[in-house]
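For reference, the chains in residue letters:
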Amino acid sequence: MKKLLTGLTFALLLSHVVLAADDDPDAVYATLQKAVDDKKPAAELKPLASQVIKMTAKVTGDAEATKHAQEMSKYAEYQLYTLGVAGPAAVTIEMIGALEEANPKSEYLPGAYPTYLSALGAAKAGGAAEKALTNFPDDLYLLNIAANDALAKQQNDRALGYARRAIASKEKVPEGMNMGSMHFIAGMVYGSKNQFFECNRELRAAIGSLSGDNERLARAYYFLGLSNYQLGRTGLNKNQVLEGQKYADQAAALNSSVKSQAYQLSQTIKVDAARMR
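This report concerns the structure included in the present document. From a predicted model like this one, the values you see are computed outputs, not experimental measurements. (Residues numbered from 1 in each chain as written. Predicted model: local features only at pLDDT ≥ 70, side-chain atom pairs only at ≥ 80, totals over all residues. Heavy atoms only, no water.)

Re the environment of Lys 124
Link 1 in the chain: Following the sequence through the fold, Lys 124 ends up in helix α7 (residues 122-132).
Link 2 in the chain: By relative accessible area, which is 55% here, Lys 124 ends up exposed.
Link 3 in the chain: Along the backbone, Lys 124 and Glu 64 are 60 residues apart, and their C-alpha atoms lie at a distance of 41 Å. (Helix = DSSP H or I, 4+ residues; strand = E, 2+ residues; numbered from the N terminus. Buried < 20%, exposed > 50% of the residue type's maximum accessible area, 1.4 Å probe, protein only.)

Here it is as structure tokens:
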């Protein structure tokens, strides 16, 4: 009986020590550092890093204490970031998801989002990008993903909103991102709304970046044809009407979903242009 009581007393003391450590950010931080130094797997590092981030966010006190807490959090965030971007995809989703959950405003998230959203796949990337834009509203990569996702779902007003935000942004364009896609999306939505002046402006800005994508190129040519035709008719500008026919012909020459429509448009413009002086 005495041995049993001694064992229970020891267990209670041990649990008290563990709980005390769990309540101490420095202790958890030290455990995380050792786990990193020992090259422990991601599954062991994730809960420690997440705990450090969440605990340090609650630290209050003088400037020195706050600074120390921020340094610990930054270290923990970096561990989740490096594990996440290294992959594979399942690890990326788990680690970056944990980082986003622990600190959705982490400075490491913008650099992680291209890898993270790619790992999530097209079906989930749009929603994840839209969520992330809450904390990074001017991030061009996120705006690009969200705009393209909205356009694919025929949510035109949302697509236009994201595209316009991207076009107006002063942020540096990420490597590999083509801003022409934002002008294309804006132009397509304006065209669907019969806002021909805006459509013409945006698609002219987009056209040079669409080479190699015949579907988008043909659609851009088609709406450029329609816009210039309508603007030319309104302004009694035969040259602009004929420019519209040129664009319609270029669209009709490409294999795309608007090939037949482009041909019909070209024939209509041809007849109307012949009647103009």
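Side note on the nonpolar core
Link 1 in the chain: Ranked by size, the top nonpolar core spans 77 residues in total, and within it Leu 142, Met 182 and Phe 184 carry the most contacts.
Link 2 in the chain: Ranked by residue count, the leading element in this core is helix α12 (residues 214-234), at nine residues.
Link 3 in the chain: If near-sequence neighbours (up to four positions away) are discounted, Leu 142 is found in contact with Tyr 113, Leu 117, Ala 129, Ala 132, Leu 133 and Phe 136. (Core = buried A, V, L, I, M, F, W, Y, C linked by side-chain atoms within 4.5 Å. Contact = heavy atoms within 4.5 Å.)

Brief notes about the environment of Ala 252
Link 1 in the chain: Among the structural elements, Ala 252 can be located in helix α13 (residues 238-252).
Link 2 in the chain: Residue classification places Ala 252 among the buried residues on the basis of a relative accessible area of 15%.
Link 3 in the chain: Separated by 31 residues in the primary sequence, Ala 252 and Tyr 221 place their C-alpha atoms 8.8 Å from one another.
Link 4 in the chain: Not counting residues up to four positions away in its chain, the partners in contact with Ala 252 are Lys 259, Ala 262 and Tyr 263.

Points about the packing of helix α11 (residues 196-206) against α12
Link 1 in the chain: At a closest axis distance of 9 Å, the pairing of α11 and α12 adopts a crossing angle of 140°. Classed by the angle they form, the pair α11 and α12 counts as oblique. Crossing angle aside, the handedness with which α11 passes α12 is left-handed. Contacts between α11 and α12 involve Phe 196, Phe 197, Cys 199, Asn 200, Leu 203 and Arg 204 from the first element and Ala 220, Phe 223, Leu 224, Leu 226, Ser 227, Asn 228, Gln 230 and Leu 231 from the second. (Axes fitted to C-alpha atoms, helices over the stretch in contact; angles between N-to-C directions. Parallel < 35°, antiparallel > 145°, perpendicular 65-115°, else oblique. Left-handed = near helix turned anticlockwise from the far one by under 90°.)

Observations concerning the layout of surface pockets
Link 1 in the chain: Roughly 310 Å³ of internal volume is contained in the largest pocket.
Link 2 in the chain: Lining the largest pocket are 13 residues, and of these Leu 151, Asn 156, Met 188, Arg 219 and Phe 223 sit closest to its centre.
Link 3 in the chain: Among the elements of the structure, α10 (180-192) and α12 are those that each provide at least two residues to the lining of the largest pocket.
Link 4 in the chain: Looking at the lining of the largest pocket residue by residue, the classes come out as seven nonpolar, four polar and two charged. (1 Å grid on protein atoms, 1.4 Å probe; cavity = no way out; pocket = protein on both sides within 12 Å on 5 of 7 lines; lining within 4 Å. Points joined across faces, edges and corners; volume = space filled by probe spheres on them. Nonpolar A, V, L, I, M, F, W, Y, C, P; charged D, E, K, R; others polar.)

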